Amino acid sequence: IYNTLLVAALTLSAWTAGYVLRRLGIGFFPALLGGAIYSFAPFRWDQASHLQILWAPWVPLVLWSFDRLLERPSARRVAPFLALYAFHLLGGSYLAYMIHFPLAAILFVRWRAQRAESSPTSPRRPRPALLVAAALCAAMMAAIFFPYLRAARSQGFERKTRHIREFAARPASFVTPSAF
């Protein structure tokens, strides 16, 4: 079963990345290469024992559908984004948590571009489709993560400040070469 899921994760990840690249106007062979690079990058092979990290086929689709939603907010674009976002959240808590950093980056870039295009006399208000999407995403996250938070607190699994200080990366860690 593990081998089947491993092959499926790598294949589906390559296909979704290639699909997004094709939809962005990239040619077939460059998109195929891009999908292979996404799926078979060295980082992913280092995670071979962590199937939940490899199961990331939804990442390109979530990011692409979110960008499309911000480009032209509408109910037609909210539904696919929410479906893909839900699939991604259900794929594993680490990836579910980490997707929010690139989503925030896409939101920031789109917001700055819109701000540069709009006139100062007529500020743009959020579209209802975006507010609905944000509310439903928050509800999905709450439904998935609050039970984990409650269980962690009841079992005493909270991180103490001293543990965070002890095991956190130091600024020098980011510029020091690894021993491996």
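Residues numbered from 1 in each chain as written. Predicted model: local features only at pLDDT ≥ 70, side-chain atom pairs only at ≥ 80, totals over all residues. Heavy atoms only, no water.

(A) Geometry of the packing of aromatic side chains. Summed over all chains, the structure comprises nine aromatic pairs. Centre to centre, the rings of Phe66 and Phe81 are 5.3 Å apart; their planes meet at 40°, and the pair counts as tilted. In this pair, Phe66 sits in helix H5 (residues 58–71) while Phe81 sits in helix H6 (residues 75–89), placing the two residues 15 residues apart along the sequence. Through a chain of ring-to-ring contacts, three or more aromatic side chains come together here, namely Trp15, Tyr19 and Trp64. Between the NZ or CZ atom of Arg44 and the centre of the ring of Tyr38, over which it lies, the distance is 5.3 Å. (Phe/Tyr/Trp six-rings, centres within 6.5 Å; stacked < 30°, edge-to-face > 60°. Helix = DSSP H or I, 4+ residues; strand = E, 2+ residues; numbered from the N terminus. Lys NZ or Arg CZ within 6 Å of the ring centre and 35° of its normal.)

(B) Geometry of helix H1 (residues 2–23). The end-to-end C-alpha distance of H1, which contains 22 residues, comes to 31 Å, matching closely the 32 Å that a straight helix rising 1.5 Å per residue would cover. Within H1, the full set of buried residues consists of Leu6, Ala9, Leu10, Ser13, Ala14, Thr16, Ala17, Gly18 and Val20. Looking at the packing, one finds that the buried side of H1 touches helix H2 (28–39), helix H3 (42–46), helix H4 (51–54) and H5. Of the residues flanking the end of H1, it is Gly25, one or two places downstream, whose phi is positive at about 100°. (Expected span 1.5 Å × (residues − 1). Buried < 20%, exposed > 50% of the residue type's maximum accessible area, 1.4 Å probe, protein only. Contact = heavy atoms within 4.5 Å.)

(C) Region of interest: the pattern of salt bridges. Following the criterion strictly, the structure yields two salt bridges and no others. A salt bridge links Asp67 to Arg110, with the shortest nitrogen-to-oxygen separation between them at 2.8 Å. Highlighted residues: Asp67 in helix H5 and Arg110 in helix H8 (residues 100–117), separated in sequence by 43 residues. Among the residues examined, Asp67 registers a relative accessible area of 24% and is labelled partly exposed. Classification of Arg110 as partly exposed rests on a relative accessible area of 26%. Note that Arg77 is salt-bridged to Glu71, the shortest N-O span being 3.5 Å. (Salt bridge = Lys/Arg side-chain N within 4 Å of Asp/Glu carboxyl O.)

(D) Geometry of the nonpolar core. Counting 26 residues, the largest nonpolar core has Val62, Phe81, Tyr85, Ile99 and Leu103 as its most contacted members. Those elements that provide at least two residues to this core are H5, H6, helix H7 (93–98), H8 and helix H9 (128–155). Residues Leu6, Leu10, Leu51 and Leu54 belong to the second largest nonpolar core, which totals five residues. (Core = buried A, V, L, I, M, F, W, Y, C linked by side-chain atoms within 4.5 Å.)

(E) Representation of the packing of H1 against H5. Where H1 meets H5, the axes come as close as 7 Å, and the angle between the chain directions of the two elements is 30°. Comparing the axis directions of H1 and H5 gives the class roughly parallel. The handedness of the crossing between H1 and H5 is left-handed. Along the contact surface, H1 presents Thr16, Ala17, Tyr19, Val20 and Arg23, while H5 presents Pro60, Leu61 and Trp64. Partitioning the contact of H1 with H5 into residue classes produces six nonpolar, one polar and one charged. (Axes fitted to C-alpha atoms, helices over the stretch in contact; angles between N-to-C directions. Parallel < 35°, antiparallel > 145°, perpendicular 65-115°, else oblique. Left-handed = near helix turned anticlockwise from the far one by under 90°. Nonpolar A, V, L, I, M, F, W, Y, C, P; charged D, E, K, R; others polar.)

Limitation: the analysis is restricted to geometry and does not speak to function.
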